[in-house]
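Report on the structure
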Amino acid sequence: MQMAADRLLYSGAVDTLAALREKYPDVQIGAITNGRGDVFEIPSLSPYFDFTVSGEEEEVFPARKPSEKIYQIAMQRATTLRGENADQDPNAWVHVGDDLANDIVPARAVGMRTVWLEQIDEGWRASFSTMSPEEDAARKALAEQASPDLKISEISELVAVLDESKWFEVGRE
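Sequence order sets the numbering: in each chain, residues are counted from 1 along the sequence as written. Whole-chain, interface and lining totals are the exception, using all residues; otherwise, since this is a predicted model, local features are given only for residues with pLDDT of at least 70 and side-chain atom pairs are given and counted only at 80 or more. With hydrogens and water stripped out, all remaining heavy atoms of the structure feed into the side-chain values.

1. Here's the deal with the overall build of the protein
Only DSSP runs of H or I with at least four residues qualify as helices, and only runs of E with at least two residues qualify as strands; both kinds are numbered from the N terminus onward. Scanning the protein from terminus to terminus reveals 6 helices and 5 strands. When the helices and strands of the protein are read in sequence order from the N terminus, they spell out α-α-β-β-α-β-α-β-α-β-α. In the protein, which comprises 173 residues, the share counted as buried stands at 38%. Long-range pairs, those at least 24 residues apart, make up 55% of the contacts in the protein with a sequence separation of at least 6. Per-residue and other accessible areas were derived by the Shrake-Rupley procedure at a 1.4 Å probe size, with only the shown protein chains allowed to occlude residues. Carbon and sulfur atoms provide 51% of the accessible area of the protein, an area that totals close to 10200 Å². Residue exposure (1.4 Å probe, protein chains only): buried if accessible area is under 20% of the type maximum, exposed if over 50%, otherwise partly exposed. Contacts: residue pairs with any heavy atoms within 4.5 Å of one another.

Here you go:
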């Protein structure tokens, strides 16, 4: 599982997570996925994550991405982990995603700030997608509503754009 998972990671993902953890040690990092993968079972990723939410979990299913519920559960889970010091303001949250319909639209709908990892060629999706033509059309229509706060083309750009955004500074607006 480790080798397969590592092959599917974006180039620079582990280094970016390490840099985020070093630069922002008090920020919680979570994984929100529709899949069954668990970042805590992947040794290269597990040191960098505080929690994970899967669309396959009983608490979530069938409200998978792009449902807002999976994002609300993620915020609840992180708040529970953080305890009474948790920031309840969704604006304190940043969701980084590579899919406008599944990641950016619902995260924005619950008040999160968003960073879109823009993929130039999304043709890879067709090779394993089980979406019907109707589902694909609905997904594309949803994606047209998306307006990410920030956009990156490589995951390695994430720390720099977060620095520039000043979202994690004390006394942020």
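There is more to say, and it comes next.
2. As for helix α4 (residues 100–109)
Extensive coverage of α4 is indicated by the burial of 8 of its 10 residues. Looking at the buried positions of α4, the neighbouring elements they touch are α3 (68–82), β3 (94–97), β4 (113–117) and α5 (133–143). Looking one or two residues past α4, G111 carries a phi angle of roughly 100°, positive in sign.

3. Details of the side chain of D99
Mapped onto the secondary structure, D99 falls in the loop between β3 and α4. With relative accessibility at 3%, the residue D99 sits in the buried group. In protein, a polar contact requires one atom able to donate a hydrogen and another able to accept it; more generally it is a pair of N or O atoms within 3.5 Å, and residues adjacent in sequence count only if both atoms are side-chain atoms. A polar atom in the side chain of D99 sits 2.7 Å from the backbone nitrogen of N102.

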